[in-house]
Amino acid sequence: MTKISLLRYSCNSIPFISFSAITRIGWAISIRDYSSSHSNTSIPTKGKFGATRRFDNVMCLDNAVSLFNRMVRTQPLPSVFDFSKLLKSMVNMKHYSVVVSLFEEMRKLRIPINGFILNIVINSYCLMHRSDCGFSVLAIYLKSGISFDIVIFSTLVRGLFAENKIKDAVTLFKKLVKENICEPNEVMYSTVMNGLSKRGHTKKTFDLLRVMEQGNIKPDPYIYSIVIHALCKDRMVDAAINLLNEMKQKGITADIVTYNSLIDGLCKFGQWEKVRTLLSEMVNSNIYPNVHTLTIVTDGLCKEGKVEDAEEVMRHMIGKGVEPNIVTYNVIIDGYCLRGQMDRARRIFESMIDKSIKPDIVSYSTLINGYCKNNKLDEAMDLFHEISRNGLRSDIFTYSIILKGLFDVGRTDFAQIFFVEMQSTGLKPNFCTNLILLRGYFHNGLVEKAMSLFRKLEIQREDTDIEFYNVVINGLCKNGQLDKARAIFEKLSLIRLFPDVITYNTIINGFCLEGLLDDAKNMLRKMEENGCSPNNGTYNIIVRGFLKFSKISEMTTFLKEMTERDFSFDASTVELLIDVIAKGPSLLNMIPQFPLGNKK
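Positions within a chain are numbered from 1, following the residues in the order the chain's sequence is written. Per-residue local features are limited, in this predicted model, to residues with pLDDT of at least 70; the limit for side-chain atom pairs, both in listing and counting, is 80 or more; totals at the level of whole chains, interfaces and linings are taken over all residues. Water and hydrogen atoms were dropped before computing side-chain values, which therefore reflect all heavy atoms in the structure.

Draft legend 1. Summary view of the overall build of the protein chain. Helix and strand definitions follow DSSP, with helices as H or I runs of at least four residues and strands as E runs of at least two, each counted in order from the N terminus. When helices and strands are counted, the protein chain shows 33 helices and zero strands. Relative to its 600 residues, the protein chain shows a buried fraction of 48%. Relative to all contacts within the protein chain whose residues are 6 or more apart in sequence, the contacts with residues 24 or more apart total 65%. Total accessible area computed for the protein chain in this model is approximately 29700 Å², and 52% of it derives from carbon and sulfur atoms. Under the scheme applied here, a residue whose accessible area is under 20% of the maximum for its type counts as buried, over 50% as exposed, and between as partly exposed, the area being computed with a 1.4 Å probe on protein chains only. In what follows, a contact means two residues having at least one pair of non-hydrogen atoms within 4.5 Å. Here the accessible surface of atoms and residues is derived via Shrake-Rupley with a 1.4 Å probe, and residues count as covered only by protein chains that are part of the display.

Written out as structure tokens, the structure reads:
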């Protein structure tokens, strides 16, 4: 038998166990009934240790630990179910490491444990992204004579997917089936299919559906919804519709989740007639659109700029008794902000408040972002200060929006004061914030400040990926410091970072701005030699460089390559070309052919 090793090192002194060991020992596996409506650490609601209300008072970590300490000193000890309930409440509070510590304390004190508690511990490890430690708990099952159940393995599979260990998750699933360790149920199948689908493995998700259809456990509407969602996400909308029709032929009634998944896919590709057909089909089947359906449709319309239509859909749904929620309002607010219609966005914001729906931080951030993009900084700042007055706390995303807005209008001094204020609240700048600072400094000519931040972040090596270097190279080029930009570009290979098409386009543009057209041409060839294909932007940058310095006759090769690659001039290139021809109409004859439009 092949032994698979998913365990790498010891965890909290809990001994290891491999799946081959489980099979060798030959434990009888008892499979408990489990449905998707149950938690994977579900426990009885009441034990010896008083009434349920004793646990209802556990509102924070200190209360929970204090109660645990009282419980372990109580004689006789509270029931194992009371300990289970306490640990489960701490999982709900997301104090996973404390759950593990208290479990170790229980073992030291020789307090009895059961399968519920071990399930909770495995789940805690998996939520900490330490599935390796979760596997080590299996040894305690064997040592204690506690039977395994499907819940344990579903939790471990979910944990492996959460850590992006797709191969290990699939291997475990196959081994459980092949060696009859347990028979997968709907929850196990949905866990595997969800894990595969969220990571882009649409074909494997679909193939597993077909395998499931041949087995004892038949797929339910939720399983089909997972596959339909995966197909839509992979742009296979027609296949998703075919699967829905297949469900009907098999007598499987699609539910609201199935329809919402398909409607979401259709909205993303603007297939509104099919959306209308599905909505009618739902109602005819006595499946009525819910608030999630409403939000999906309004979001799709807003992303296409059809915000008035989205509002009309919302009004229609309200008339049918479906009340929009905070997410629906945020979608429409964002739709108007994207169109620069801030008065309408603010009207939706106010109407939401009138309906006693309290704006959340997303509502405020969306509206603030709209004001900033339309250079209405005063309105943005007023709204920002309103956040704390309404009992909310600005997050790093909100601060980053304001920072960008301040830099965009050149208010650099205030931006730096605002950044210090942000840090004083305990918020640490993230990758996005640091990029905003770098771009803001470069945009406003504060090259020394930008380079000081660059050197600091580079030393810390936090999030210093190629995008980070692209911002710095671009900033230096635009501030006339091509030599420094080139030096940073050249050292990328030394730090094992590979330039992408944006990096190459940026440095080529830098050469063109300085009239170093031979260097630009050489970089284009080097780019292709290094396996990075130029795009439409690359050729437009070079052509603009030749036009700017009136090197018309030398453009022929690049124009021919653009035609062969089905590239075309963008708006900036066409505008510059028109200016050049206006100054010397005879130059038009020197250009054999040039592709207009913007195909790519």
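Draft legend 2. Region of the structure containing the side chain of Ser 190. Mapped onto the fold, Ser 190 is located in helix 11 (residues 186-198). Relative accessible area serves as the criterion here: at 9%, Ser 190 is assigned to the buried category. In contact with Ser 190, other than residues within four places in its own chain, are Tyr 222, Ile 223 and Ile 226.

Draft legend 3. Layout of the packing of helix 13 (residues 221-233) against helix 14 (residues 237-249). Each axis is a line fitted through C-alpha atoms, and for a helix only the stretch in contact is used; angles between axes span 0 to 180 degrees, taken between their N-to-C directions. The N-to-C vectors of helix 13 and helix 14 enclose an angle of 160°; their axes lie 7 Å apart at closest approach. Viewed along their axes, helix 13 and helix 14 adopt a mutual orientation that is roughly antiparallel. Taken as a pair, helix 13 and helix 14 cross one another with a handedness that is right-handed. Between helix 13 and helix 14, the residues in contact are Pro 221, Tyr 224, Val 227, Ile 228, Leu 231 and Cys 232 and Val 237, Ala 239, Ala 240, Leu 243, Leu 244 and Met 247, respectively. Only Asp, Glu, Lys and Arg are considered charged, only Ala, Val, Leu, Ile, Met, Phe, Trp, Tyr, Cys and Pro nonpolar, and every remaining residue, Gly among them, polar. Counted by class, the contact of helix 13 with helix 14 contains 12 nonpolar, no polar and no charged residues. Should an angle fall under 35 degrees it is called roughly parallel, over 145 degrees roughly antiparallel, and 65 to 115 degrees roughly perpendicular, with every other angle called oblique. In this scheme the handedness of a crossing depends on how the near helix is turned from the far one: anticlockwise by less than a right angle means left-handed, clockwise means right-handed.

Draft legend 4. How the structure looks around the nonpolar core. By convention a nonpolar core is built from buried Ala, Val, Leu, Ile, Met, Phe, Trp, Tyr and Cys residues, the set being connected through side-chain atoms within 4.5 Å. Within the largest apolar cluster, 180 residues are counted, with the highest numbers of intra-cluster contacts made by Ile 507 and Ile 508. If near-sequence neighbours (up to four positions away) are discounted, Ile 507 is found in contact with Ile 473, Cys 477, Leu 482, Ala 485, Arg 486, Phe 489 and Met 523.

Draft legend 5. Here's a closer look at the packing of helix 20 (residues 342-354) against helix 21 (residues 361-373). Between helix 20 and helix 21, the shortest axis-to-axis distance is 10 Å and the interhelical angle comes to 165°. Comparing their axes, helix 21 and helix 20 come out roughly antiparallel. Handedness of the helix 20/helix 21 crossing: left-handed. Residues Met 342, Ala 345, Arg 346, Phe 349 and Met 352 of helix 20 lie in contact with helix 21, whose contacting residues are Ser 363, Tyr 364, Leu 367, Gly 370 and Tyr 371. Of the residues in the contact of helix 20 with helix 21, the class split is seven nonpolar, two polar and one charged.

Draft legend 6. Quick look at unusual backbone geometry. A cis amide bond links Gln 75 with the next residue in sequence, Pro 76, at an omega value of -5°. Considering the arrangement of structural elements, one finds Pro 76 in the loop between helix 3 (61-73) and helix 4 (80-92). A positive phi is found at Asn 164, a non-glycine position, where the angle reads about 65°. Of note, Asn 164 is situated in the loop between helix 9 (150-162) and helix 10 (166-178). For Asn 286, which is not glycine, the phi torsion reads 60° and is therefore positive.

Draft legend 7. Structural view of the packing of aromatic side chains. Put simply, two rings from Phe, Tyr or Trp (the six-membered ring, in Trp's case) pair if the centres are within 6.5 Å, and we call them stacked under 30 degrees between planes, edge-to-face over 60, tilted for the rest. Under the defined criterion, the tally for this structure stands at 17 aromatic pairs. Judged by centre distance (5.2 Å) and plane angle (85°), the rings of Phe 468 and Tyr 469 are edge-to-face. The exposure class assigned to Phe 468 is buried, which follows from its relative accessible area of 2%. Grouping aromatic residues by their ring pairs yields a cluster made of Tyr 539, Phe 546, Phe 558 and Phe 567.

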